[in-house]
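# Overview (structure and organization)
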Amino acid sequence: MEINACARQNFETKDKELNRVYQTMLKQLDTFGDNGPATKKLLILAQRKWVEFRNADCTAVQRLYQGGSAANAIYLDCMVHHTEQRIRELQPTAWQAG
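Residues numbered from 1 in each chain as written. Predicted model: local features only at pLDDT ≥ 70, side-chain atom pairs only at ≥ 80, totals over all residues. Heavy atoms only, no water.

### Comments concerning the state of the cysteines
Defined as follows: Only a pair of cysteine sulfur atoms within 2.5 Å counts as a disulfide in this structure description. Helix and strand definitions here come from DSSP, where helices need a minimum of 4 consecutive H or I residues and strands a minimum of 2 consecutive E residues; each element is numbered from the N-terminal end. Accessibility here uses a 1.4 Å probe with only protein chains present; expressed as a share of the type maximum, an area under 20% marks a residue as buried, one over 50% as exposed, and anything in between as partly exposed.
Inspection of the entire model under this criterion finds one disulfide. Here cysteine 58 pairs with cysteine 78 through a disulfide, and the sulfurs are 2.2 Å apart. Judged by the torsion about the S-S bond (-80°), the cysteine 58/cysteine 78 disulfide is left-handed. With cysteine 58 in helix 2 (residues 36–63) and cysteine 78 in helix 3 (residues 71–89), this residue pair connects regions lying 20 residues apart in the sequence. Residue classification places cysteine 58 among the buried residues on the basis of a relative accessible area of 0%. According to the relative accessible area criterion, cysteine 78 is buried, its value standing at 10%. Cysteine 6 forms no disulfide, and the closest cysteine sulfur to it belongs to cysteine 58, at a distance of 17 Å.

### Things to note about the packing of helix 1 (residues 2–29) against helix 2
This is how the line gets drawn: For helices, the fitted axis covers only the stretch in contact; all axes are lines through C-alpha atoms, and the angles between them, taken along N-to-C directions, range from 0 to 180 degrees. Roughly parallel means an angle under 35 degrees; roughly antiparallel, over 145; roughly perpendicular, 65 to 115; everything else is oblique. Left-handed describes a crossing in which the near helix is turned anticlockwise from the far one by less than a right angle; the clockwise case is right-handed. Note on definitions: a residue-residue contact is assigned when non-hydrogen atoms from the two residues lie within 4.5 Å. Note on residue categories: nonpolar means Ala, Val, Leu, Ile, Met, Phe, Trp, Tyr, Cys or Pro, charged means Asp, Glu, Lys or Arg, and polar means any other residue, Gly included.
Running from N to C, helix 1 and helix 2 point in directions that differ by 160°, and their axes come no closer than 9 Å. Taken together, the axes of helix 1 and helix 2 lie roughly antiparallel to each other. Considering how the two elements wind past one another, helix 1 and helix 2 form a crossing that is right-handed. In contact with Phe11, Asp15, Leu18, Tyr22, Met25, Leu26 and Leu29 of helix 1, helix 2 contributes Gly36, Thr39, Lys40, Leu43, Ile44, Gln47, Trp50 and Arg54. Residues of the contact of helix 1 with helix 2, tallied by class, amount to nine nonpolar, three polar and three charged.

### Here we look at the environment of alanine 73
Of note, alanine 73 is situated in helix 3. In this structure, the C-alpha to C-alpha distance between alanine 73 and alanine 60, residues 13 residues apart in sequence, is 14 Å. Look past the residues within four positions of alanine 73 in its chain and what remains in contact with it is Ile3, Asn4 and Ala7.

In short, geometric facts, not functional conclusions.
So this is what it looks like as structure tokens:
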């Protein structure tokens, strides 16, 4: 029970960080001139699809442990792993043109 609560807290923290980084990236795209608005629309679409992928992938991983006491912790660990990766992908340095 305690492991699940800790895993949930860890995911919630990472999810908040992801949302902050994502919103920052969207705001920065507003300053990119002609390419900004189109890129912003594509990023919004990509982010929605990424969330679908993350959720489906982690649900698939969790199904391997269905009925076990670790299933939820494994699901949340997967969610954290994908979320940390996405945070790195959305860092401004990853989006610098040139």
